[in-house]
Amino acid sequence: MTGDPHEWILGLVPRDVPGPLPEPASSAVTIAVATVALGPGPVAWAVRTAQEMTQEIIEKVPEHGGGPAPFATLRSTVEAAVLLALRGLLADLPPEGATMAEQAAPEEAVVSGAEFARRGIRLDRVLRGVRIGHARLHQALSAVVDTLPEPVRLAESRRVSDLLFAYADVHASRLAEEYLAERARWEAGREADRRRVMKDLLAGRPAAEHASLTLGYELVRYHQAFVVAADDRHTGSAELHRCAEDLSRALAPDEWLDLSVVPGQVWAWAGWRSSPAPGHADRARLLRPPPGVRVAAGPVAFGPEGLRRSHLGAREADRVAATAKAGWWCEYTDVRTVCLATADEEQARWYAQDVLGPLLADDERSGELRETLRVYLACERSLRTAAERLHIARNTVTYRVRRAEELLGHPIGDPMELRLALEIARTLDPTGKPAR
């Protein structure tokens, strides 16, 4: 040694173990730069040590394995990180002051971070691999430092620990950064593919060969579609997705899919292998969504065409729920007559005008009379039941029904025709325009 307390790093050589030395796994540029700075001995030590570290990481975090290609990817980033750490230790250069081309994190970390994200390895498992590798490298270097004379040994032991921790921290941060960036890119691409497939399905086009795989949702199922919507289109999608997640937990389907397609809405589907039993949605109705958020449910139907049918039904139910202000939960099966009657708004307006006449006037009093008459007919003309539902006196119901008959110009005739006209008036405003 020449007196430089860090020179021991230049004396590193691979342990004498059976078998040939492994070929380097990192890039030719990484090896060339390290060889110039360290020499062939320390580079060979790093290559052998990195291979052992890689094997230990895969033993303890099996997700990193899976064949020669994943092993090579992991070994490449581990090897590059070891070489970078050795160069930093020799120069006594902390990562925040690094002037190397890699800026304290090897390029291999970028490649492997993206690869780990594409393979679906959880980030916490990726970072556990970094910690395992750091511990193994620290152990290997400590074994060499322990052979140094005092007081160099004590000083180098502390320095190696501090610098290795700093480099491992930077390496982990760079890995995580690229992992999250690739995950975001992958999710965006996957979401675009899912929307494209769903657009074809909802347009009635035949399902693509790998549609279920792309969606992550099996199409050969019984489906029930939902529209989770907000009165305010600026309501964040995260809040709507949370409501959809609550809905999924309450329904407990075999499969679940939700997509953000239009502002202020989340479209969702619950899938079952067999037709759900009556009352399967009872728990969902007990949910308490955020203020201004509503849920519309389509009918249960089977297969790709059933998925489309249920979704269209949910959208129609949402249209009625939004205009009639009928509460936060609305099922298509409860409002399908109104959905059908108001699908053509112009025809619906004409029908309501013909049947209701002056009772369709656009004022608060007429609206009060229409609602009383609607509930009265829905209760099979029971004054007592209608009064209870409306929270008014029985005599008030009697008065309002008589006043409505006066405006109609005749006693109540065909209740079916009148009820339909009243439902149309409730869904559309008196001028025939959508209430929103």
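The coordinates are above.
Description of the structure in this document.

A look at the overall build of the protein
Next up, step 1: Of the regular secondary structure elements, the protein holds 16 helices and 6 strands.
Next up, step 2: For 436 residues, the compact-globule estimate of 2.2 N^0.38 gives 22 Å, and the C-alpha radius of gyration of the protein, at 35 Å, exceeds that figure by more than 25%.
Next up, step 3: Of the roughly 22100 Å² of accessible surface on the protein, a fraction of 53% belongs to carbon and sulfur atoms.
Next up, step 4: Counting 54 positive and 61 negative side-chain charges, the protein places the centres of these two groups 6 Å from one another.

Let's talk about the pattern of salt bridges
Next up, step 1: As enumerated under the stated definition, the model contains 31 salt bridges in all.
Next up, step 2: Residue Arg136 pairs with Glu52 through a salt bridge whose shortest N-O separation is 3.6 Å. Of this pair, Arg136 sits in helix α5 (residues 123-145) while Glu52 sits in helix α2 (residues 40-60), and the two are 84 residues apart along the sequence.
Next up, step 3: For Glu52, a relative accessible area of 17% puts it in the buried group.
Next up, step 4: Close ionic contact of Arg403 with Glu406 constitutes a salt bridge, the shortest N to O distance being 2.9 Å. Here Arg403 and its partner Glu406 are both found in helix α15 (residues 394-408), 3 residues apart, which amounts to about one turn of the helix.
Next up, step 5: Judged by relative accessible area, which is 32%, Arg403 ranks as partly exposed.
Next up, step 6: Among the ionic contacts, a cluster of salt bridges with common partners joins Arg15, Glu52, Glu56, Lys60 and Arg136.

Side note on the nonpolar core
Next up, step 1: Core analysis: the biggest nonpolar cluster contains 42 residues, and Trp8, Trp45, Val82, Leu86, Leu89, Leu137 and Leu141 have the highest contact counts within it.
Next up, step 2: Breaking this core down by element, the ones donating at least two residues are α1 (28-38), α2, α3 (68-91), α4 (107-118), α5 and α6 (152-202).
Next up, step 3: Setting aside chain neighbours within four positions, we find Leu86 in contact with Ile9, Leu12, Leu38, Pro42, Trp45, Ala46 and Leu141.

Observations concerning the packing of aromatic side chains
Next up, step 1: Applying the stated criterion across every chain yields a total of 4 aromatic pairs.
Next up, step 2: Seen from their ring centres, Phe226 and Trp329 are 6.4 Å apart, and the 50 degrees between their planes marks the pair as tilted. In this pair, Phe226 sits in strand β1 (residues 222-230) while Trp329 sits in strand β6 (residues 329-331), placing the two residues 103 residues apart along the sequence.
Next up, step 3: Accessibility expressed as a relative area gives 0% for Phe226, which makes it buried.
Next up, step 4: Every member of this aromatic cluster is reached through a ring pair, and the members are Phe226, Trp256, Trp328 and Trp329.

A few points about α3
Residues three or four positions apart in an α-helix share a direction because the helix packs 3.6 residues into each turn.
Next up, step 1: Helix length check: α3 (24 residues) gives 34 Å between terminal C-alpha atoms against 34 Å at 1.5 Å per residue, within 8%.
Next up, step 2: Counting buried positions over the 24 residues of α3 gives 17, a clear majority of the element.
Next up, step 3: Asp92 sits one or two residues past α3 and shows a positive phi near 50 degrees.

Here's the deal with the side chain of Thr54
Next up, step 1: Checked against the element boundaries, Thr54 lands in helix α2.
Next up, step 2: Ignoring anything within four residues of it in the chain, the contact list for Thr54 reads Phe71, Leu74, Arg75 and Val78.

Looking at unusual backbone geometry
Next up, step 1: Here the residue pair Glu150 and Pro151 is connected by a cis peptide bond, since its omega of 0 degrees sits within 30 degrees of zero.
Next up, step 2: Mapped onto the secondary structure, Pro151 falls in the loop between α5 and α6.
Next up, step 3: Residues other than glycine seldom take positive phi values, yet Glu380 does so here, at roughly 55 degrees.
Next up, step 4: Owing to a relative accessible area of 73%, Glu380 belongs among the exposed residues under this scheme.

Observations regarding the pairing of strand β4 (residues 293-297)
Next up, step 1: Counting buried positions over the 5 residues of β4 gives 5, a clear majority of the element.
Next up, step 2: Here β4 shows two buried faces, one formed by Val293, Val295 and Ala297 and the other by Arg294 and Ala296.
Next up, step 3: Sheet topology note: the β1/β4 ladder contains 5 bridges and is antiparallel. Bridge pairing links Val227 to Ala296 in β4.
Next up, step 4: Judged from the 3 bridges that link them, β4 and β6 form a sheet pairing that is parallel. Each bridged residue has a counterpart across the sheet, and for Val295 the counterpart in β6 is Trp329.

A few points about the environment of Asp16
Next up, step 1: One can find Asp16 in the segment before α1.
Next up, step 2: For Asp16, a relative accessible area of 80% corresponds to the exposed category.
Next up, step 3: Residues Asp16 and Arg125, spaced 109 residues apart in sequence, show a C-alpha to C-alpha distance of 32 Å.

Calculation criteria
Residues numbered from 1 in each chain as written. Predicted model: local features only at pLDDT ≥ 70, side-chain atom pairs only at ≥ 80, totals over all residues. Heavy atoms only, no water. Helix = DSSP H or I, 4+ residues; strand = E, 2+ residues; numbered from the N terminus. Rg over C-alpha atoms; globule rule 2.2 N^0.38 Å. Areas by Shrake-Rupley, 256 points an atom, 1.4 Å probe, with all protein chains shown as cover. Lys, Arg positive; Asp, Glu negative; His and termini not counted. Charge placed at Lys NZ, Arg CZ, Asp CG, Glu CD. Salt bridge = Lys/Arg side-chain N within 4 Å of Asp/Glu carboxyl O. Buried < 20%, exposed > 50% of the residue type's maximum accessible area, 1.4 Å probe, protein only. Core = buried A, V, L, I, M, F, W, Y, C linked by side-chain atoms within 4.5 Å. Contact = heavy atoms within 4.5 Å. Phe/Tyr/Trp six-rings, centres within 6.5 Å; stacked < 30°, edge-to-face > 60°. Expected span 1.5 Å × (residues − 1). Pairing = 2+ DSSP bridges.

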